[in-house]
Amino acid sequence: MKIGEIPQNEIGIMLKSPRGLTLEVGPFKVRVKTRNNYFPPFLQKLYPQFPVLECPSLSDFHVFLDTPVAWRRFIRPQVIFRENGDKLFEPFPANMCGPLFEWGWNWCIGTRAHQYLILHSAVIEKNGIAVIMPAYPGSGKSTLCAALMLSGWRLLSDEFGLIRCDGGIDPIPRPIPLKNQSISVIRDFSTDAVIGPLFPKTRKGTVAHLAPTERSVKQMKKPATAAYIIFPKFHPKTVTALKPVKSSYALMKLATNAFNYEVLGAEGFKRVARLIRQCECYNFSYSKLEEALPLFDSLVS
Amino acid sequence: MNPDRSADLSAEEWDRLLCLTDKSRLTACLGYRLEKRGLMEGLPEAVKTRFQSAQIYSHYRSRLIRWEMNRLQRALRETDYQVIALKGGAYLLLNLPFAESRLAADLDVLVPASDLSMFETLLREKGWEPEKLSEYDQRYYREWMHEIPPMRHRERKIELDVHHALLPLTAKLRVNSDLLFESAIPVEGSRFKVLCPEDMILHAVIHLFYDSDLDTRIRDVLDLDELLRIFYGTDQDSWVRLLERTKQHGLERPLFYALRYCRQLLDTQIPEEIQLDKRPGGFTTFLMDSLVPKSILPDLPEEKNRFNRLARWLLYVRSHYLRMPLKLLIPHLIYKSFRGGNPSH
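Chemist: Would you mind going over the overall build of chain A with me for this structure?
Modeler: When you go through chain A residue by residue, the secondary structure sums to ten helices and 18 strands. For 301 residues, the compact-globule estimate of 2.2 N^0.38 gives 19 Å, and chain A sits close to it at 19 Å. Burial analysis of chain A (301 residues in total) assigns 46% to the buried set. For chain A, the share of sequence-separated contacts (at least 6 apart) that also reach a separation of at least 24 residues comes to 72%.

Chemist: What exactly am I supposed to notice about the packing of helix 9 (residues 218-231) of chain B against helix 11 (residues 252-266) of chain B here?
Modeler: Packed helices, taken two at a time, are described by their axes: the angle between them and the distance between them. All names here are of chain B. For the pair helix 9 and helix 11, the least separation of the axes is 10 Å and the interaxial angle reads 100 degrees. Relative to helix 11, the element helix 9 lies roughly perpendicular. Residue-level inspection shows Val221, Leu222, Leu224, Asp225 and Leu228 of helix 9 in contact with helix 11, the latter providing Ala258, Tyr261, Cys262, Leu265 and Leu266. For the contact of helix 9 with helix 11, the per-class residue count stands at nine nonpolar, no polar and one charged.

Chemist: Can you walk me through the domain arrangement of chain A in this structure?
Modeler: Size of an interface: often given as the accessible area lost when the parts come together. Residue and element names in this part refer to chain A. For chain A, the assigned domains are domain 1 (3-112) and domain 2 (117-300). On a C-alpha basis, the centroid separation for the pair domain 1 and domain 2 is 25 Å. With 16 residues of domain 1 in contact, the opposing surface of domain 2 contributes 21 residues. Put simply, the parts of the chain that give the side of domain 1 that touches domain 2 at least two residues each are helix 2 (39-46) and helix 3 (97-112). Ranked by the residues each element gives to the side of domain 1 that touches domain 2, the list is headed by helix 3, at six residues.

Chemist: Would you take a moment to explain the nonpolar core for this structure?
Modeler: Side chains of nonpolar character tend, in soluble globular proteins, to be buried together. Judged by nonpolar contacts, the single largest core of 164 residues is most densely connected at Ile124(A), Cys145(A), Ala226(A), Ile229(A), Ile84(B) and Val205(B). Both domain 1 (3-112) and domain 2 (117-300) of chain A contribute no fewer than three residues apiece to this core. Apart from the residues within four sequence positions on either side, Ile84(B) is in contact with Val109(B), Leu110(B), Leu180(B), Ala184(B), Phe192(B), Lys193(B), Val194(B) and Leu195(B).

Calculation notes
- Residues numbered from 1 in each chain as written.
- Chains lettered and ligands numbered in written order.
- Predicted model: local features only at pLDDT ≥ 70, side-chain atom pairs only at ≥ 80, totals over all residues.
- Helix = DSSP H or I, 4+ residues; strand = E, 2+ residues; numbered from the N terminus.
- Rg over C-alpha atoms; globule rule 2.2 N^0.38 Å.
- Buried ≥ 20, exposed ≤ 12 C-beta atoms within 10 Å, placed from the backbone.
- Contact = placed C-beta atoms within 7 Å.
- Axes fitted to C-alpha atoms, helices over the stretch in contact; angles between N-to-C directions.
- Parallel < 35°, antiparallel > 145°, perpendicular 65-115°, else oblique.
- Nonpolar A, V, L, I, M, F, W, Y, C, P; charged D, E, K, R; others polar.
- Domains from an automatic or database assignment.
- Core = buried A, V, L, I, M, F, W, Y, C linked by C-beta atoms within 7 Å.

Shown next as structure tokens:
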């Protein structure tokens with residue numbers, strides 16, 4: 001059964017039950033429990049395609065979106081993120097349960113899933129060819145990634161390049177967080193864009209999430225092989241161009257980009273080196289989405 | 001739990017078990033034990049992946065400890081300080097098979113008391129800094145416990161604890177550090193020494209049954225089980241050596257508890273003939289029997305148990321009572337209860 005097929009009030013009941021609700025997203029199973037009333041609509045809007053698993057099952061993460069202290073359910077209500085009982089971050093206002101879930105779960109994946117080399121990158125795929133886009137501030141990666149996904153590309157992830165020991169990439173097509181102007185850019189970009197509630201005044205400004213496309217979710221168990229590593233950089237006045245970079249430069253940039261490079265030690269180096277050998281690496285500067293997209297299409301046609 | 005049953009566990013049972021091992025930082029250790037018995041192959045893929053990921057992280061921690069020992073060795077190059085590596089550092093130096101899966105947290109070393117202050121000065125010169133502690137905590141370490149606060153190098157994450165004694169000076173039991181240094185064993189290729197097997201085991205014994213509050217400390221019992229198995233097994237003579245050394249140090253009571261709970265909780269093979277002269281009384285034993293299993297094993301978050309909490313609190317008070325005289329203990333407990341949080345000392 002999928003989230004979208006279950007009535008919202010039943011989702012609320014499942015989340016409140018002792019067993020919670022177990023979702024399968026890519027390679028991970030996450031069990032979520034909460035009494036927070038903002039969460040069921042968030043889940044249904046942004047995760048409608050994802051399967052709900054029979055309880056009980058073996059879950060990788062056990063998330064409890066809890067109230068910090070009892071009285072915080074009523075006075076300036078707050079929510080905290082617990083994983084396996086441990087409180088992980090400072091409280092958020094209760095209505096920001098959705099973003100807290102997303103960020104909290106990101107942190108859990110980045111610090112636990114060491115079977116992968118975890119790149120801090122977007123990964124998209126078309127015609128069997130995957131492109132890795134490492135994240136840096138100001139890269140515009142999420143906007144670019146969102147536009148590509150809405151233009152026929154499959155989203156593997158906006159946030160995590162999960163590199164397996166055989167070099168393949170496992171998908172984890174979760175909602176894409178958009179900030180400030182990106183939200184309206186993507187809303188105008190495509191009528192197919194499903195955008196969740198707006199959260200103003202976060203540390204990153206106004207945040208909203210774009211649901212992954214059905215194509216992306218349907219193939220969430222299908223790994224991909226990368227042929228390109230592209231370091232995007234958005235600048236309003238620049239010319240759209242791909243510039244090849246040296247392998248040594250790309251290796252250093254990719255290694256420092258990974259969340260758990262140090263944890264994997266020598267194995268981390270091997271996986272990065274293999275990626276660099278099998279991919280063409282470029283710096284990519286752009287100012288307009290309408291110029292960027294055809295360029296990406298040309299890489300995979 | 002009998003490891004041979006591992007093939008029969010349901011998904012739910014694995015879910016609970018792995019939550020508990022994650023909570024007590026034992027997933028890598030359990031993975032190692034199952035692998036040693038050849039039981040890993042038959043497990044579900046999802047379970048194997050959890051063990052694999054935990055092992056990778058544990059190896060990383062071991063690497064950090066080895067590097068810290070390497071850097072410490074470098075810092076000590078032109079000196080002749082006698083330094084004994086303790087616990088995790090020692091197990092790694094000796095390449096004991098279970099060492100890599102222990103999820104080592106920090107590096108503990110022992111130096112002679114007379115060298116302690118110059119050692120601290122040297123460390124500071126070479127870039128180690130004491131942990132930022134409140135004034136109260138500084139006094140706790142320096143004046144009451146006669147130790148230096150934990151140190152951490154500017155550029156690295158690992159905490160370095162420098163001891164001059166295995167137990168605080170204020171504790172009721174004492175371990176003579178001179179005896180430890182006399183019997184310490186050099187390690188080939190390293191500047192550090194390690195404790196002789198008897199002392200290493202006794203250190204693990206008092207670390208758990210004298211110097212700790214036993215709260216979810218099942219991992220320390222597992223260490224003890226491994227050490228006993230590696231160094232003694234069923235060799236009767238070795239056990240006799242252990243008993244003699246225990247008498248020499250006056251540590252019969254903690255050893256009594258250690259052997260008792262290793263047997264009860266982990267079915268450690270201990271020869272029946274091992275008898276200690278100085279044992280705790282019947283009532284004390286009964287009390288410990290009711291408190292220790294409740295405290296030493298972890299709880300699932302949604303199954304928080306009032307009795308276990310009480311057991312843990314009582315054993316916490318016990319651990320402090322053993323370390324500090326009452327006139328220090330009571331104000332310390334009051335201060336700690338106001339400050340809240342999880343007490344680390």
